[in-house]
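Geometric and topological summary
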Amino acid sequence: MIREAKKEDLQALLELYLYLHEKDVPQDSEHLQKTWEQILTDPAHHLIVCEVEGKIVASCVCVIIPNLTRGVRPYAFVENVVTHEDYRGRGYATDCLNFAKKIAEENNCYKMMLLTGSKEEKTLNFYKNAGYNSADKTAFIQWL
């Protein structure tokens, strides 16, 4: 089942992010809880999960960003695409990306973007097969 995250999903998501790039699950804190509440209540922030037999096995984030160009149409930014390693290759992340695309279309977005730090051909082909390309834009990142 593909859906948006609920309040009770926090711990499962933090554990899933260990398959992304995190080294450990952050300790519960006021800052963590405030951030989680902000994510859940922001109508432009969509944290999408795939649940299989009661377990969250894949996820992505889709943020709708207001814009003054392209006919004053927003765009969507996709981040934190992840699948638990035991569930990879079953289409769960693709289902999450398709849900994000539906949200972007419903919000009249003119494009969707995502970045990946992966150089693995398998991962890059996954994004290409999901409809993304790496030819139209060049990404630059400044880490803070």
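Scroll up to find the structure.
Residues numbered from 1 in each chain as written. Predicted model: local features only at pLDDT ≥ 70, side-chain atom pairs only at ≥ 80, totals over all residues. Heavy atoms only, no water.

1. Topic: the nonpolar core
Worth spelling out the cut-off: Only buried residues count toward a nonpolar core. Its members are Ala, Val, Leu, Ile, Met, Phe, Trp, Tyr and Cys residues joined through side-chain atoms within 4.5 Å. Residue exposure (1.4 Å probe, protein chains only): buried if accessible area is under 20% of the type maximum, exposed if over 50%, otherwise partly exposed. Secondary structure elements follow DSSP: runs of H or I no shorter than four residues count as helices, runs of E no shorter than two count as strands, and numbering proceeds from the N terminus.
Within the largest apolar cluster, 23 residues are counted, with the highest numbers of intra-cluster contacts made by Ile48, Cys50, Cys60, Val78, Val81, Tyr92 and Leu97. At the level of elements, β2 (45–52), β3 (55–65), β4 (75–83) and α3 (92–106) are the ones that each hand at least two residues to this core. It is α3 that contributes the most residues to this core, seven residues altogether. Counting 14 residues, the second largest nonpolar core, distinct from the first, contains Leu10, Trp36, Leu47 and Val49.

2. Overview of the environment of Leu40
Note the cut-off: The contact rule is simple, with two residues in contact once any of their heavy atoms fall within 4.5 Å.
Here Leu40 shows up in helix α2 (residues 30–41). Distance from Leu40 to Ala5, taken between C-alpha atoms, is 7.6 Å for residues 35 residues apart in sequence. Setting aside anything within four residues of it in sequence, one finds Leu40 in contact with Ala5, Lys6 and Lys7.

3. Considering the pattern of salt bridges
Heads up, the rule is: A carboxyl oxygen of Asp or Glu within 4 Å of a side-chain nitrogen of Lys or Arg is what we treat as a salt bridge.
For the structure on display, the rule yields five salt bridges. Taking the shortest distance from any N to any O, the salt bridge between Arg3 and Glu51 comes out at 2.8 Å. Of this pair, Arg3 sits in strand β1 (residues 2–4) while Glu51 sits in strand β2, and the two are 48 residues apart along the sequence. For Arg3, a relative accessible area of 11% gives the class buried. The salt bridge involving Glu37 is made with Lys7; its shortest N-O contact spans 3.2 Å. Remark: Lys7 occurs in the loop between β1 and α1 (10–16) and Glu37 occurs in helix α2; sequence separation between them is 30 residues.

4. Considering the pairing of β3
Note the cut-off: Strands are labelled as partners when DSSP assigns at least two bridges between them.
For β3, a buried count of eight out of eleven residues is recorded, marking the element as mostly surrounded by other parts of the structure. Relative to β3, β2 is paired through eight bridges, and the arrangement is antiparallel. Along β3, the bridge assignment pairs Cys50 with Ala58. Remark: two residues form the turn of the hairpin made by β2 and β3, two consecutive strands paired antiparallel; Glu53 in that turn has positive phi of roughly 50°. Pairing analysis gives seven bridges linking β3 to β4, with the strands arranged antiparallel. Across the sheet, Ile64 pairs through a bridge with Ala76, a residue of β4.

5. Remarks on a nonpolar patch on the surface
Basically, it comes down to this: Patch building starts from residues that exceed 30% relative accessible area and form no salt bridge, then joins like charges within 9 Å and nonpolar side chains (Val, Leu, Ile, Met, Phe, Trp, Tyr) within 5 Å. Here the accessible surface of atoms and residues is derived via Shrake-Rupley with a 1.4 Å probe, and residues count as covered only by protein chains that are part of the display.
A cluster of nonpolar side chains, namely Leu115, Ile141 and Trp143, defines an oily patch on the protein surface of about 380 Å² accessible area. Residue position: Trp143 is located in the segment after α4 (121–129).

6. Side note on the state of the cysteines
Filter applied, for reference: Disulfides are defined as cysteine sulfur pairs within 2.5 Å.
For the coordinates displayed, the defined rule picks out zero disulfides. Note on Cys60: no disulfide assigned, nearest cysteine sulfur contributed by Cys96 at a separation of 5.2 Å.

7. A look at the sheet that holds β2
Our working definition: Simply put, an axis is a line fit to the C-alpha atoms, just over the touching stretch for a helix, and the angle between two N-to-C directions goes from 0 to 180 degrees.
As summarised here, the arrangement of the five strands in space is β1-β2-β3-β4-β5, forming an open sheet in which the pairing is mixed. Of all strands in the sheet, those bounded by a partner on one side alone are β1 and β5 (112–114). Strand-to-strand twist of the sheet, defined as the mean angle between neighbouring strand axes without regard to direction, takes the value 30°. Alignment of β1 against β2, held across three bridges, turns out to be antiparallel. Looking across to β2, one finds that Arg3 is bridged to Val49.

Keep in mind that these numbers describe shape and distance, not what the molecule does.
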